[in-house]
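Residue-level structure breakdown
So the chains spell out like this:
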Amino acid sequence: MKLLPLHYPFTFLFIVFLVLYQMNPAFRYFCKKTFYKLCIFTLSALVIIISLPRGRNTENAKFLHRSLLLLKYIFGLKIVVKGKEILKTKKPFVLVVNHQTSLDIMVMTEILQDHCVAIAKKEILYMGTFGPACWLSGYIFIDRKKREESIATLTEVAHSLYKGNFSVLIFPEGTRNHGGSMLPFKYGAFHLAVKAQVPIIPAVISSYSSFYSHKERRFTTGKLIIQILPEVETLGLGPDDVHKLTEQVRDSMLTTYHEISGLVNGASH
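Below or above, wherever it landed, is the structure these notes cover.

Definitions and limits used
Residue indices follow the written sequence of each chain, beginning from 1 at its first position. It should be noted that, the model being predicted, local features are given only for residues of pLDDT at least 70 and side-chain atom pairs only at 80 or more, the latter also being counted only at that level, while totals for whole chains, interfaces and linings use all residues. Derived side-chain values reflect all non-hydrogen atoms in the structure, with water molecules and hydrogen atoms excluded from consideration. We call a residue buried when its accessible area falls under 20% of the maximum for its residue type, exposed when it is over 50%, and partly exposed in between, using a 1.4 Å probe and counting protein chains only. Each helix is a run of DSSP H or I of at least 4 residues and each strand a run of E of at least 2, with the numbering of both proceeding from the N terminus. Here, any two strands with at least 2 DSSP bridges between them count as paired. Axes, fitted as lines to C-alpha atoms, cover a helix only where it is in contact. Angles between the N-to-C directions of the axes lie from 0 to 180 degrees. In this scheme, roughly parallel covers angles under 35 degrees and roughly antiparallel covers those over 145, while 65 to 115 is roughly perpendicular and the rest are oblique. Contacts are assigned to residue pairs that have any heavy atoms within 4.5 Å of one another. Here the term cavity refers to a set of points on a 1 Å grid, laid over the protein atoms alone, in which a 1.4 Å probe fits but cannot get out; the term pocket refers to an open set having protein on both sides within 12 Å along at least five of seven lines, with lining residues being those that place an atom within 4 Å of a point. Grid points are joined across faces, edges and corners, and a volume is the space filled by probe spheres set on the points. Each residue gets one of three labels, nonpolar for Ala, Val, Leu, Ile, Met, Phe, Trp, Tyr, Cys and Pro, charged for Asp, Glu, Lys and Arg, and polar for the others, Gly among them. Here a polar contact is recorded for every N or O atom pair within 3.5 Å, except that within protein the pair must consist of a potential hydrogen donor and a potential acceptor, and residues adjacent in sequence are included only if both atoms are side-chain atoms. Note on aromatic pairs: the rings of Phe, Tyr and Trp (six-membered ring only in Trp) are paired at centre separations within 6.5 Å, and the planes decide the class, stacked below 30 degrees, edge-to-face beyond 60, tilted for the rest. Note on criteria: charge over ring means Lys NZ or Arg CZ within 6 Å of the ring centre, with the direction from the centre no more than 35 degrees off the ring normal.

1. Quick word on the pairing of strand β9 (residues 222–228)
Among the 7 residues in β9, 5 count as buried, and that is most of the element. One ladder, built from 6 bridges, connects strand β1 (residues 77–82) with β9; its direction is parallel. Within β9, the residue paired with Val 81 across the bridge is Ile 226. Summarising the sheet, strand β6 (residues 200–205) and β9 pair through 3 bridges and their orientation is antiparallel. Looking across to β9, one finds that Val 204 is bridged to Gln 227.

2. Notes on the packing of helix α1 (residues 9–23) against helix α2 (residues 25–51)
Look at α1 against α2: their axes get within 5 Å of each other, and the N-to-C directions meet at 105 degrees. As far as their axial angle goes, α2 and α1 are roughly perpendicular. Across from Phe 17, Leu 20, Tyr 21, Gln 22 and Met 23 in α1, the residues of α2 making contact are Pro 25, Phe 27, Arg 28, Cys 31 and Lys 32.

3. As for the layout of surface pockets
By volume, the largest pocket amounts to about 1100 Å³. For the largest pocket, the lining is made up of 38 residues, of which Ile 119, Ile 142, Arg 144, Ile 170 and Phe 171 are closest to its centre. Among the secondary structure elements, those contributing two or more residues to the lining of the largest pocket are α5 (104–108), β3 (116–121), α6 (130–136), α7 (147–162) and α8 (188–196). Considering each element in turn, the lining of the largest pocket owes the most residues, 6 residues, to α8. Looking at the lining of the largest pocket residue by residue, the classes come out as 22 nonpolar, 9 polar and 7 charged.

4. Digging into the side chain of His 65
Secondary-structure assignment places His 65 in helix α3 (residues 61–68). Within the structure, the side chain of His 65 is placed 2.9 Å from the side chain of Tyr 139, a separation counted as a polar contact. Aside from chain neighbours lying at most four places away, what touches His 65 is Thr 109, Leu 112, Gln 113, Cys 116 and Tyr 139.

5. Structural notes on unusual backbone geometry
One non-glycine residue with positive phi stands out, namely Gln 197, at about 55 degrees. Residue classification places Gln 197 among the partly exposed residues on the basis of a relative accessible area of 24%. With phi around 55 degrees, Arg 217 is a residue other than glycine that occupies positive phi space. Of note, Arg 217 is situated in the loop between β7 (212–213) and β8 (218–219).

6. Some details on the packing of aromatic side chains
Enumeration over the complete set of coordinates arrives at 8 aromatic pairs. Ring centres of Tyr 212 and Phe 219 lie 5.4 Å apart, and the angle between their planes is 85 degrees; on these two criteria the pair is classed as edge-to-face. Each member of the pair, Tyr 212 together with Phe 219, is buried. Taken together, the aromatic side chains of Tyr 29, Phe 30, Phe 35, Tyr 36, Phe 75, Tyr 212 and Phe 219 make up a single cluster linked through ring pairs. Above the face of the Phe 219 ring, Lys 32 is positioned so that its terminal group lies 4.7 Å from the ring centre.

Set out below in structure tokens:
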């Protein structure tokens, strides 16, 4: 009996899917973004299972970071890290990173140390299995609508940093930026570093524009650079120095962003 696709709905639908995936860039983009989220939720579920016996503990962060690191192989992303030796310090620090898209979840695991956790907005706690996996890994969540509560949380984090228990990652822009530059930095990360008297380590991720664009509905394989800049000491600084410190760090990160983005975009043409 001759097998015709129309006689077999699943076969027919699969062929339609393959044709659309190959011929329609927007359809391919949405498929890859959906698969990306599915991968995150699946890997996070495994991290939850592994972490539950230990409970909420920064020791679980290494399982989360290493599992999410697999995503770069799945999506064909080559990440070159420059200055990674700077992160090998035994001292606690505040790691500040520019924020572009949800792909940062995959990319930042390339540089996160085992005892480095992110400070994130509270909404992430409710992102499927990813939120609970982050919570079990010791990630710190802040409700940006409750300023006094946020300040109290950061003060508590500063005391823990001062004791040398762990390091933290913060996106100082506060939200994603698709504009090909950097938004103004919020002061929270810098107040935290000054209060804890720990150094700031800036990390700059090059533009994703050579392989990813939400506006153009484009998501392909590609390459990016992460440049770790020398640590910025805060010892002896006080609250009055925070504004100048913030602008100093942003200026150096913005200059580096344009430099490394030029290298990546030039190589892609």
